[in-house]
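# Structural characterization, general
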Amino acid sequence: MSNIGSYEERSKNFDWSISEKKLDYKDGDAINIGWYCSDRICQMGKANKTALIWEGLGGVEKEYTFNDIRLRSNSIASFLKEQGINNEDRVCLFMDKIPELYIGFLGVLKLGAIAQPLFSAFGDESLFVRLDNAKTKAIITQKKHVKKVRKIVNQMPYLERIIIVDYDGKHPLREREISFNMDEAEKVESFDCFPTKAESPSVLHYTSGTTGQPKGVKHVHYSLISQYLTSKWVLDLKDDDIYWCTADPGWVTGTSYGIIGPWSLGITQCVLDTGFSAESWYKFIEKRGVTVWYSAPTAIRSLMKAGDELVKEFDLTSLRHLASVGEPLNAEAVIWSDKVFGKSFLDTYWQTETGSIMLTNFPGMKIKPGSMGKPFPGVTATVLDVETLEPITEIGKAGLIGFKPDWPALMRGFWANEETYKKKFKNGWYLPGDRASIDSDGYYWFIGRDDDVINTAGHLVSPFEVESALLEHESVAESAVVAKPDDVNMEVVKAFVTIKPGYTADKDLELKIMNFIRKKLSPLAMPQEIEYVDSLPKTRSGKIMRRVLHAQEWGEEVGDLSTLEND
Ligand code: WT7
């Protein structure tokens, strides 16, 4: 029997107080995610239960019980406090998927500070714009990433502490740098968690839009109410599960469902901190006996590519429930997973701003491969007419997804960007910026984004950010960046550039530019192809028309070109 039982029944009688009651939370109480994920679980008698099973490169393994993560997050919180970090200060977590990242996240929250996780593969420029926007006070990082921080530290007077979790004493620490070793630090038996309330800020995740710099999405401790219940009903987590969320906590899936959801339920989770290979993933599932697996379409397509024969070399019978998020999950992937694992990946739809799962397939529900499923109980969803922003009544007609802005995990703002935040709400609806249609059974079907943002392997890349970075390369005069179709990643970044006189438009320059972007931004933002052009299509007012280039890449009709200048 699944945790949700009957979707219809749950939807009819739904009230978020169901979740509040399970968490013993009453309106006005203190609520702290760090405490809920460790101290409370210990109080419930699970102190000796394994919380985290971690495996890194070369087969290194570590295990932590709920009591271990309680004590260690206490140590981190006290250390930060000693360093002068206060509630609501931003603390960036800039690490690979190591235990310090997961446990440090809880420590930051216990202090009442705001956790700002950033993807460790970010280059110095990507890191700088995000730290500068949040005026981050401390960053917790590793030796291997400290170089990138040092490169920009002089531009960040507000960054008071750079905490290195694996300092080996080989090279001297510089100003503002300090060593903190989580496993060796003195265990702090009790730490008075900051009495955060429902609306106290908790997590700050950065997400890319079409224009402007990335936006810092502000979440609050009350988001737990959504994350707890969606983990229970959608991921169907039960006490004896071994759960594996493949996402990096630099992205929201890795925090909402890679830390908060499972640990607030007292579930054992495992983490594999090595690069992707189909073989190592199957081996990990077999070795750890993974029962619930939350992953992403790009990974599933990569597994499909590795072939059916490989699957047969492993015993994957522990798998009980599979779910996916991040990009459209094509019907073939759903059907394939059913064939090789005997279970279908259930698609879930949500985003950084929503904080928790919004549209989803549930265990026990009839699955229509290719559909995102139905709204989570308590979520009022619709599809709005693009012009009038009124709900569409005609079945199957495409429009903008709209959510009534009343679920606990909805973001509470964009950091220092109130104006853009307000634009996300229209006519009483929160607009995630995606298009979909609803069929006669109430299932949602994804159509596409309503903007130019590129979704590569489930990660959003802003064309604006890549274009700006390209212009910083000495050879580039103008640039336009669009998505290009790709078998595995669905979309990859493609750049069109005009180059300055004196440079030769050849393969060598292409590779140099690619590498420049990879180091400055990230491997995801790196264009997979650079096309040299004599000029870029522009509107009469001089704005580059990405949609012309986009249509060309996807073999689609270009549409209205009346404002195009150089046609
Ligand atoms: C955007 C959000 C929260 C998960 C990680 C991504 C796209 C997400 C689906 C899905 C089709 C999807 C949307 C959304 N997206 N899930 N199941 N089917 N598209 O979070 O980086 O904030 O990206 O990813 O376009 O708006 P994110």
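Residues numbered from 1 in each chain as written. Predicted model: local features only at pLDDT ≥ 70, side-chain atom pairs only at ≥ 80, totals over all residues. Heavy atoms only, no water.

With that out of the way, let us pick up the site of the ligand. Lining the immediate surroundings of the ligand are 18 residues, of which Asp347, Thr348, Gln351, Thr352 and Asp434 lie closest. The side chain of Asp434 places a nitrogen or oxygen atom 2.5 Å from an oxygen atom of the ligand. When contributions to the shell around the ligand are tallied by element, the ones reaching two or more residues are helix H10 (252-264), strand E14 (345-349) and strand E23 (444-449). Here the shell around the ligand takes 3 residues from E14, the largest share from any one element. (Near = heavy atom within 4 Å. Polar contact = N/O pair within 3.5 Å; in protein donor to acceptor, adjacent residues only side chain to side chain. Helix = DSSP H or I, 4+ residues; strand = E, 2+ residues; numbered from the N terminus.)

Taken as a whole, the second largest pocket encloses approximately 550 Å³ of empty space. Residue lining of the second largest pocket: 24 residues in total, with Gly448, Arg449, Glu491, His550 and Trp554 positioned closest to the centre. Secondary structure elements with two or more residues in the lining of the second largest pocket: E23, strand E24 (454-456), strand E26 (476-486), strand E27 (490-499) and helix H18 (546-554). Counting residues per element, the lining of the second largest pocket draws most heavily on H18, at 5 residues. (1 Å grid on protein atoms, 1.4 Å probe; cavity = no way out; pocket = protein on both sides within 12 Å on 5 of 7 lines; lining within 4 Å. Points joined across faces, edges and corners; volume = space filled by probe spheres on them.)

This brings us to the sheet that holds strand E28 (residues 529-532). Spatially, 3 strands are ordered E26-E27-E28 in an open sheet, and the strand pairing comes out mixed. Of all strands in the sheet, those with a lone pairing partner are E26 and E28, marking the two edges. Here the strands of the sheet are splayed against their neighbours by 25 degrees on average, with no regard to which way each runs. As paired strands, E26 and E27 are joined by 10 bridges and run antiparallel to one another. Bridge pairing in E27 places Lys484 opposite Val492. Along the sheet, helix H16 (residues 463-471) contacts E26 and E27; its crossing angle with E26, the most-contacted strand, is approximately 140 degrees. (Pairing = 2+ DSSP bridges. Axes fitted to C-alpha atoms, helices over the stretch in contact; angles between N-to-C directions. Contact = heavy atoms within 4.5 Å.)

Now for the environment of Ser318. Tracing the backbone shows Ser318 in the loop between helix H13 (308-312) and strand E13 (321-324). The exposure class assigned to Ser318 is partly exposed, which follows from its relative accessible area of 25%. Residues Ser318 and Ile53 lie 265 residues apart in sequence; the distance between their C-alpha atoms is 16 Å. (Buried < 20%, exposed > 50% of the residue type's maximum accessible area, 1.4 Å probe, protein only.)

The residue Glu88 is not glycine, and still its phi comes out positive at about 70 degrees. Despite not being glycine, Asp236 has its phi angle at roughly 60 degrees, a positive value. Mapped onto the elements of the fold, Asp236 is located in the loop between helix H9 (224-233) and strand E10 (242-245).

In this section: the domain arrangement of the chain. By convention, interface size is frequently given as the accessible area that disappears when the constituent parts associate. Assigned domains of the chain: these are domain 1 (67-195) and domain 2 (454-554). Summarising the inter-unit geometry, the C-alpha centres of domain 1 and domain 2 are found 33 Å apart. Listed as interface residues are 9 residues of domain 1 and, on the opposing side, 8 residues of domain 2. Contact between domain 1 and domain 2 buries roughly 570 Å² in total, counting both sides, with carbon and sulfur atoms accounting for 47%. A salt bridge links Glu465 to Arg130; its shortest N-O distance comes to 3.5 Å. Counting across the interface, domain 1 meets domain 2 through 4 residue pairs in polar contact (both at pLDDT 80 or more). Here the side of domain 1 that touches domain 2 is composed, by residue class, of 4 nonpolar, 2 polar and 3 charged. (Domains from an automatic or database assignment. Buried area = accessible area lost by both parts, 1.4 Å probe. Salt bridge = Lys/Arg side-chain N within 4 Å of Asp/Glu carboxyl O. Nonpolar A, V, L, I, M, F, W, Y, C, P; charged D, E, K, R; others polar.)

Here we take up the state of the cysteines. For the structure shown, the criterion picks out 0 disulfides. With no disulfide of its own, Cys92 lies 19 Å from the sulfur of Cys245, the closest cysteine sulfur. Taking relative accessible area as the criterion, Cys92 reaches 0% and is therefore assigned buried. Not part of a disulfide, Cys270 finds its nearest cysteine sulfur in Cys245, a span of 10 Å. Taking the relative accessible area as the measure of exposure, Cys270 reaches 0% and is therefore buried. (Disulfide = S-S within 2.5 Å.)

Looking now at the sheet that holds strand E12 (residues 292-295). Ordered in space as E2-E1-E11-E10-E12-E13-E14-E15-E16, the 9 strands form an open sheet in which the pairing is mixed. Only two strands of the sheet have a single partner each, and these edge strands are strand E2 (61-65) and strand E16 (374-375). Strand direction decides the pairing type here: strand E15 (residues 359-360) and E16, joined by 2 bridges, are antiparallel. Along E16, the bridge assignment pairs Thr360 with Lys374. Strands strand E1 (50-56), E2, E10, strand E11 (268-273) and E12 of the sheet are contacted by helix H11 (residues 278-288), whose axis makes an angle of about 150 degrees with E11.

Right, let's get into the pattern of salt bridges. With the rule as written, the count across this model stands at 44 salt bridges. A salt bridge links Lys62 to Asp183; its shortest N-O distance comes to 3.6 Å. With a gap of 121 residues between them, Lys62 in strand E2 and Asp183 in the loop between strand E7 (177-179) and strand E8 (201-207) connect regions that are remote in the sequence. The closest approach of N and O atoms between Lys368 and Asp439, which form a salt bridge, is 2.9 Å. Taken as a pair, Lys368 in the loop between E15 and E16 and Asp439 in the loop between strand E22 (434-438) and E23 lie far apart in primary sequence, 71 residues in all. With respect to class, Lys368 is no different from Asp439; both count as buried.

With that settled, the discussion passes to the packing of helix H12 (residues 297-306) against helix H14 (residues 331-341). Helices that pack against each other are described as a pair by the angle of their axes relative to one another and the distance between those axes. The interhelical angle for the contact between H12 and H14, taken along N-to-C directions, is 60 degrees, at an axis separation of 10 Å. Judged by the inter-axis angle, H12 sits oblique to H14. The handedness of the crossing between H12 and H14 is left-handed. Residues Ile300, Leu303 and Met304 of H12 touch H14, and the partners they reach there are Glu332, Ala333 and Trp336. Considered class by class, the residues forming the contact of H12 with H14 number 5 nonpolar, no polar and 1 charged. (Parallel < 35°, antiparallel > 145°, perpendicular 65-115°, else oblique. Left-handed = near helix turned anticlockwise from the far one by under 90°.)

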